[in-house]
Amino acid sequence: MASSSASPSGSADKCPVDHSSFASPASDKCPVDHTASSSCRAPRHRCAPSTLPLDRETSSIPRVDGGKWVYPSQAQFFAAMARKNHNPQESDMKVIVPIHNAVNERAWQEILKWEAGQGGDKCGGVKLVSFKGRPNERTPRARWYSLLGYSPPFDRHDWVVDRCGTRMRYVIDFYTGNGGGPSSKNISFFLDVRPALDNWEGVRLRTERFWKRWFGNMFGEGVKQDSPQSKH
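Residues numbered from 1 in each chain as written. Predicted model: local features only at pLDDT ≥ 70, side-chain atom pairs only at ≥ 80, totals over all residues. Heavy atoms only, no water.

Draft legend 1. Expanded view of the state of the cysteines. Under the criterion given, the structure shown has one disulfide. In this model, cysteine 123 is linked to cysteine 164 through a disulfide, with the two sulfur atoms separated by 2.0 Å. Taking the sign of the S-S torsion, -100° for the link of cysteine 123 and cysteine 164, the bridge is left-handed. A residue pair is termed long-range when its members are at least 10 positions apart, and cysteine 123 in the loop between helix H2 (93–115) and strand S3 (127–133) and cysteine 164 in the loop between strand S4 (155–163) and strand S5 (166–178) qualify at 41 residues. (Disulfide = S-S within 2.5 Å. Helix = DSSP H or I, 4+ residues; strand = E, 2+ residues; numbered from the N terminus.)

This is the structure in structure tokens:
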């Protein structure tokens with residue numbers, strides 16, 4: 001997921017957020033989850049190679065402080081994967097990192113579809129407050145899709161956005177599939193993005209989407225709903 005900073009960091013295994021931009025250095029102001037260790041605990045050769053680039057791409061996703069979220073460099077991405085024992089390969093970073101960035105841009109666009117017409121434009125648009133990866137915690141919908149024969153998501157994120165002072169949590173399940181049909185080797189991604197049902201605003205948005213999807217079709221105004229790739 002995107003990490004926030006104004007400039008590249010010289011260390012790939014430290015928190016990628018520039019804490020100097022905060023009024024105080026308290027880590028609880030940082031949107032990155034600090035409950036996990038931030039140091040590279042893997043053997044030294046599994047930390048980011050010095051040959052990996054440190055340059056970072058600025059996203060289109062706005063932060064609450066007026067800036068933009070910045071994606072991790074290849075070195076930071078490698079180190080993060082090594083900490084999670086994913087056995088990263090240096091040669092893969094130049095492919096994986098752009099895909100990671102593009103998928104997160106898609107996730108943000110899906111959130112903006114939910115937020116359209118909800119009043120966020122009155123204060124300059126909705127902004128991403130924080131994010132958290134929860135790959136080992138299946139959502140009820142993901143479990144239901146699995147029972148129906150769909151492949152399980154390879155990742156899950158929770159993103160919290162600010163809409164003019166109102167905080168909304170969005171749940172994102174990430175799926176992979178074949179972009180050109182069962183025999184194709186092209187990989188595509190399906191993102192199941194929706195508001196969490198932990199407040200009445202989330203319930204309202206989900207109810208309105210359900211109503212438009214099922215009853216709007218009678219009048220040609222239905223909302224298209226995709227589904228994950230089924231097993232073959």
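Draft legend 2. Region of the structure containing the pattern of salt bridges. What the rule picks out here adds up to 15 salt bridges. The salt bridge partner of glutamate 208 is arginine 204, with a shortest N-O separation of 2.8 Å. You can see glutamate 208 and its partner arginine 204 sitting in helix H4 (residues 200–214), four residues apart, about one turn around the helix. Given the relative accessible area of 33%, glutamate 208 is considered partly exposed. The structure contains a network of salt bridges with shared partners spanning Arg134, Glu137, Arg156, Asp158, Arg169 and Asp198. (Salt bridge = Lys/Arg side-chain N within 4 Å of Asp/Glu carboxyl O. Buried < 20%, exposed > 50% of the residue type's maximum accessible area, 1.4 Å probe, protein only.)

Draft legend 3. Region of the structure containing the packing of aromatic side chains. Across all of its chains, the model carries six aromatic pairs by this definition. Ring centres 5.5 Å apart and planes at 75° place the aromatic pair tyrosine 145 and tyrosine 150 in the edge-to-face group. Side by side, tyrosine 145 and tyrosine 150 carry an identical accessibility label, which is buried. Members of the aromatic cluster, joined through ring pairs, are Tyr145, Tyr150, Tyr175 and Phe190. Over the ring of tryptophan 114 we find arginine 209; its NZ or CZ atom is 3.7 Å from the centre of that ring. (Phe/Tyr/Trp six-rings, centres within 6.5 Å; stacked < 30°, edge-to-face > 60°. Lys NZ or Arg CZ within 6 Å of the ring centre and 35° of its normal.)

Draft legend 4. Representation of unusual backbone geometry within the structure. A positive phi angle, near 55°, is found at asparagine 87, a position not held by glycine. Relative to the assigned elements, asparagine 87 resides in the loop between helix H1 (74–83) and H2. If you check the backbone angles, cysteine 164 has positive phi at about 55° while not being a glycine. By relative accessible area, cysteine 164 is classed as partly exposed at 39%.

Draft legend 5. Up close: the confidence of the model for the protein. Summary statistics for the protein give a mean pLDDT of 79 and a share of 69% for residues scoring 70 or more. Residue range residues 20–39 is modelled with pLDDT below 50. Its contacts to residues more than four positions away, or to other chains, number 28 contacts. The low-confidence segment residues 41–45 (pLDDT under 50) makes two contacts with residues lying over four places distant or belonging to another chain. (pLDDT = per-residue confidence, 0-100. Contact = heavy atoms within 4.5 Å.)

Draft legend 6. Quick peek at H1. Burial analysis of H1 places eight of its 10 residues in the buried class, which makes it a mostly covered element. On its buried face, H1 is in contact with H2. Note on H1: the residue one or two positions beyond its end, asparagine 85, has a positive phi of about 60°.

Draft legend 7. Just the side chain of lysine 127, in detail. Along the chain, lysine 127 falls in strand S3. The side chain of lysine 127 is buried and forms no salt bridge, while aspartate 162, the nearest opposite charge, is found at 6.0 Å. For lysine 127, the side chain forms a polar contact with the main-chain oxygen of cysteine 123, separated by 3.3 Å. If we skip the residues at most four places from it in the chain, lysine 127 touches Pro62, Arg63, Val64, Trp108, Val160, Val161 and Asp162. (Lys, Arg positive; Asp, Glu negative; His and termini not counted. Polar contact = N/O pair within 3.5 Å; in protein donor to acceptor, adjacent residues only side chain to side chain.)

Draft legend 8. Structural context of the packing of H1 against H2. The N-to-C vectors of H1 and H2 enclose an angle of 95°; their axes lie 10 Å apart at closest approach. As the angle between them shows, H1 and H2 are arranged roughly perpendicular. Here Gln74, Phe77, Phe78 and Met81 of H1 come into contact with H2, specifically with Met93, Lys94, Ile96, Val97 and His100. Partitioned by chemical class, the residues of the contact of H1 with H2 number six nonpolar, two polar and one charged. (Axes fitted to C-alpha atoms, helices over the stretch in contact; angles between N-to-C directions. Parallel < 35°, antiparallel > 145°, perpendicular 65-115°, else oblique. Nonpolar A, V, L, I, M, F, W, Y, C, P; charged D, E, K, R; others polar.)

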